[in-house]
Amino acid sequence: MPAPESPVTGGPPAGAARPSRLDPAVAARLRRTPDGLVAAVVRQHDTGEVLMVAWMDDEALHRTLTTGRATYWSRSRQEYWVKGATSGHHQYVRSVALDCDGDALLVSVDQVGAACHTGNRTCFFTELPVTAEGVSS
């Protein structure tokens, strides 16, 4: 019998095994971290702007593919979260691609509002100086 679902997230309670309904053919192609996760790089579908990086387990990927709403696994809260469920800054999924090694996903979305929890459009707003010789701008 599956673990009871959390009333808040619709996922298993913290510490429980995370069962999944992901297509076994897709699941077989994933190379996960030791804690069962795959990095998800999220970009704006029409501009290619990189918005954020999050983590998905098999069930989060299944939910993303079948609902069209970006769903992630929160490592800090140990629960599923649908982007925008509390902030109103939704991600409507246009496509999902698996990289050649199976260890990263590229999620193309239509982002409504800010992608970053700081309120910025993207999480990548802090430029670092590149001082290597031979690098031209």
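Scope of this entry: the structure provided in the associated data block. Just so we're clear, the structure is a prediction, and the values are computed from it rather than from any experiment. (Residues numbered from 1 in each chain as written. Predicted model: local features only at pLDDT ≥ 70, side-chain atom pairs only at ≥ 80, totals over all residues. Heavy atoms only, no water.)

Side note on the overall build of the protein chain
Heads up, the rule is: Secondary structure follows DSSP: runs of H or I at least 4 residues long count as helices, runs of E at least 2 residues long count as strands, and numbering of each begins at the N terminus. Three exposure classes are used, based on accessible area relative to the maximum for each residue type with a 1.4 Å probe and protein chains only: buried under 20%, partly exposed in between, and exposed over 50%. In this analysis, two residues are considered to be in contact whenever any of their non-hydrogen atoms come within 4.5 Å of each other. Only the protein chains shown count as cover for residues, and all accessible areas are computed by the Shrake-Rupley method using a 1.4 Å probe.
When its secondary structure is counted, the protein chain shows two helices and six strands. Counting from the amino terminus, helix and strand elements in the protein chain follow one another as α-β-β-α-β-β-β-β. Across the 137 residues that make up the protein chain, the buried fraction comes to 35%. Relative to all contacts within the protein chain whose residues are 6 or more apart in sequence, the contacts with residues 24 or more apart total 44%. Accessible surface computed for the protein chain: about 8300 Å², of which carbon and sulfur atoms make up 55%.

Considerations on the pattern of salt bridges
Put simply, the test is: Salt bridge, as applied in this entry: a Lys or Arg side-chain nitrogen positioned within 4 Å of an Asp or Glu carboxyl oxygen.
Enumeration according to the criterion identifies six salt bridges in this entry. D58 is the partner of R32 in a salt bridge, and the nearest nitrogen-oxygen pair spans 2.8 Å. One end of the pair, R32, is in the loop between α1 (24–27) and β1 (38–44); the other, D58, is in helix α2 (residues 58–67), and 26 residues separate them in sequence. Judged by its relative accessible area of 35%, R32 falls in the partly exposed class. Residue D58 is classed as buried on the basis of its relative accessible area of 16%. Taking the shortest distance from any N to any O, the salt bridge between R121 and E49 comes out at 3.1 Å. Taken together, the residues span a long stretch of sequence, with R121 in the segment after β6 (104–111) and E49 in the loop between β1 and β2 (50–56) at a distance of 72 residues. A network of salt bridges, in which partner residues are shared, links R21, E59 and R63.

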